[in-house]
Structures are given as structure tokens and as C-alpha cells.
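# Structural characterization, general
Here is how the chains run, residue by residue.
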Amino acid sequence: MLIVEAVILLVVLVLISNVISHYLTFIPVSLIQIALGLVMALFWEIEIPLDTDWFLLLFIAPLLFNDGRRFPKRELWQLRGPIFANSILLVFLTTVVGGYFIYLMIPRLSLSVSFALAAILSPTDPVAVQSISKRVKLPDRILHLVSGESLVNDASGLIAFKYAVAATVTGVFSFSHAVGDFLYISILGFLAGFVLMLMIEFLRNLLRQQGINDVIFNTVLQLMTPFVVYVITEEILHASGVIAVVTAGVVSHTQGNRLVEDSPELKLVSEKTWDIIVYLLNGIVFLILGDELPL
């Protein structure tokens, strides 16, 4: 029952935050939600246990799938070089430079721990990018570059953090193992998302050929896609579920024109449903962030 009450409270606070944002237009709604989460923790003493696994599955997987699904195909292809350079080289560079800077500021921290802390901070967060970009007028090219980089930097940030922690615990760092893990996690994550999405699209088309054209059924099938892709990639293949769901979202986006032609009603219902889900998940993410701040 406590879980149900917590969910209801979070949804109500998301609605309240957007009402407040209507009157305080100079404050980003994400900051209002963080403040409400902080109030929830300090004054109401409500704690929401945060587990990384379920947080990634429940929030990050559908949000990134939706971002990949809505990312402009032409801009993604045109900026592929800068996007991958930022998501790989820039993340590692930030980890190294930031690690040394943290080490100089806090000498009590070992260098490997400083690298681990920098690795946590180096990948751009896609949820924050989308929230902040609504309030800041950036040139389209820069916005697409930052948004695209934030979608695919998971593997480099994860590997940098993993091996910084390993070096702290064992005192040993293996560059060859780090490179091998990075290639495995990222490439297999990409292939898993691509193949699984094609299989799901094939299944959906097969069912439609059999006369299963129910709009609600097909909408629920699409909503379940990021969860299925993430779980299979993470739990069975041990690759990057984040990269997999982003890839699946981009592949799903390529099927968009066909979907409009075949079933405009399905396109309309699925888009509105995604809008509601993203609206709630984005808000709840920042509320939980505010609730976690005292800890």
C-alpha cells in the first residue's frame, strides 16, 4: 500500500509543479520539482528507496526510447561524427581532466576515487538536456548535437566509472580490458537494440496481417518495447540496455511514415499516450532527485 500511496503523491506533485510553473515562468519546471521533492523529504520525511536497476528500467529506458524515437533522422546522420566524438572521447577526457582537478581540490581522495567521481559527472544526462533546452534558446545544430550525445554516452561513462572503481578496490587498471569491455557493451548494445526492434516490428506486422489491428493492443505493445529490449540486453546479453533502447527508438522512428499511412488513428493514440507517460516520468525523476538530496 505504501508504494501505491507514494505513486499517487508523486503524480499529484507533478501536477502541482506544473501549476506553479505556470505562474513562475522564469523558473524551469524541473527545478520546481526538485524543490518539491526536497520539501517532501525534509518536512514530510518521506523517503523513496532508490535502486539503480529498477530506476533505469522504469524511468530511463522508456524516456530514452522515446527520445530516440523522436530524434530527427537527418540531423542524427549529419551530426554522427561530432555526436560519437563527444559521447566517447569527450567523456573520457572529462573523466581524466576532471579526476585530476578533483584530486587537486580534495587531496584526501585517492586519484582513482577522483576519477570515479568525475566519471559519474561526465556523461550528459538526456532527461536534464531535454528539460533545460525547453527554457534555453539554443541553435538547432547545438541542441541536436548535445541531445544526440546525451543519448549514446552511456557506455563510455559506465566503463570509465567501472574501471575507476576497480582500480580503487584492487589497485590495478587494465587498459586492454577496459577497451574490450567498452566495445562489447556498446557494439552489442547497439546490435541488440537494432535486431530486437526489427523482430518486434516484424511481429507487429505479422499480427496486423492476421487481422489484429486493435489500436489499444498495438499501443500497449509499443509501450512495452523499451522494457523488453532493456531487460533482454542487460540481463541476458550483459550489454548496454541504454544504448539498446536508444537504438530501438531510432529504428522505430524509421517505421513512422508507414505507420501514418497504414493507421493514422494508431499514430495519434500512441503519440498522445507517450506524451502522457513522458510528462509523468520526467516529473517524477526530478521529484525523486529532490527527495534523495538530503541522503
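Residues numbered from 1 in each chain as written. Predicted model: local features only at pLDDT ≥ 70, side-chain atom pairs only at ≥ 80, totals over all residues. Heavy atoms only, no water.

Turning next to the overall build of the protein. Helix and strand counts for the protein come out as 14 helices and zero strands. Secondary structure elements of the protein occur, N-terminal to C-terminal, as α-α-α-α-α-α-α-α-α-α-α-α-α-α. Counting every position in the protein, which comprises 295 residues, the buried fraction comes to 41%. Sequence-distant contacts, at least 24 apart, represent 77% of the contacts inside the protein between residues at least 6 apart. For the protein, the accessible area works out to roughly 16,500 Å², and carbon and sulfur atoms hold 71% of it. (Helix = DSSP H or I, 4+ residues; strand = E, 2+ residues; numbered from the N terminus. Buried < 20%, exposed > 50% of the residue type's maximum accessible area, 1.4 Å probe, protein only. Contact = heavy atoms within 4.5 Å. Areas by Shrake-Rupley, 256 points an atom, 1.4 Å probe, with all protein chains shown as cover.)

Before going further, it helps to examine a nonpolar patch on the surface. Residues Phe175, Val179, Leu183, Ile187, Phe190, Leu191, Phe194, Val195, Leu198 and Met199 make up a contiguous nonpolar surface patch of roughly 910 Å² in combined accessible area. Mapping Leu183 onto the fold places it in helix H10 (residues 175-209). The partly exposed category is assigned to Leu183, whose relative accessible area is 42%. (Patch = residues over 30% accessible without salt bridge, like charges linked within 9 Å, V, L, I, M, F, W, Y side chains within 5 Å. Salt bridge = Lys/Arg side-chain N within 4 Å of Asp/Glu carboxyl O.)

Let us look at the packing of helix H11 (residues 215-236) against helix H14 (residues 264-292). Packing of H11 against H14 leaves a shortest axis separation of 9 Å and a crossing angle of 45°. Here H14 runs oblique to H11, going by the angle between their axes. Crossing of H11 over H14 shows right-handed handedness. When H11 is examined against H14, the residues Val215, Asn218, Thr219, Gln222, Leu223 and Pro226 are found in contact with a partner set consisting of Glu265, Leu266, Val269, Ser270, Thr273, Trp274 and Ile277. (Axes fitted to C-alpha atoms, helices over the stretch in contact; angles between N-to-C directions. Parallel < 35°, antiparallel > 145°, perpendicular 65-115°, else oblique. Left-handed = near helix turned anticlockwise from the far one by under 90°.)

Tallying each qualifying case throughout the model produces three salt bridges. In this structure, Glu271 and Arg69 form a salt bridge, with 2.6 Å as the shortest nitrogen-oxygen distance. Taken together, the residues Glu271 in helix H14 and Arg69 in helix H3 (residues 52-70) connect sequence positions 202 residues apart. Among the salt bridges present, the one from Glu271 reaches Lys267, with a minimum N-O distance of 3.4 Å. You can see Glu271 and its partner Lys267 sitting in helix H14, four residues apart, about one turn around the helix. A single salt-bridge network, built from bridges that share partners, covers Arg69, Lys267 and Glu271.

The subject of this paragraph is H3. Here H3 contains 19 residues, and its C-alpha end-to-end distance of 25 Å stays within 8% of the 27 Å for a straight helix at 1.5 Å per residue. Largest kink in H3: about 40°, centred on Ile60, with the proline Pro62 one to four residues after it. What H3 keeps buried is the set Phe55, Phe59, Ile60, Ala61, Pro62, Leu63, Leu64, Phe65, Asn66, Asp67, Gly68 and Arg69. (Expected span 1.5 Å × (residues − 1). Bend = angle between axes of the 7 residues up to and from the residue.)

Mapping Asp291 onto the fold places it in helix H14. The exposure class assigned to Asp291 is buried, which follows from its relative accessible area of 3%. With sequence-adjacent residues up to four places away left out, Asp291 is seen in contact with Gly37, Leu38, Met40, Ala41, Ile46, Glu47 and Ile48.

On to the packing of aromatic side chains, then. In total, this model carries six aromatic pairs according to the counting rule given. Ring geometry for Trp54 and Phe55: centres 6.4 Å apart, planes at 65°, overall edge-to-face. Arranged with centres 6.2 Å apart and planes meeting at 50°, the rings of Trp54 and Phe59 form a pair that is tilted. You can call Trp54 partly exposed: its relative accessible area is 30%. Taking the relative accessible area as the measure of exposure, Phe59 reaches 4% and is therefore buried. (Phe/Tyr/Trp six-rings, centres within 6.5 Å; stacked < 30°, edge-to-face > 60°.)

Positive phi outside glycine occurs at His238, with the angle close to 55°. As for its position among the elements, His238 is in the loop between H11 and helix H12 (241-254). Overall, the relative accessible area of 56% leaves His238 in the exposed class.

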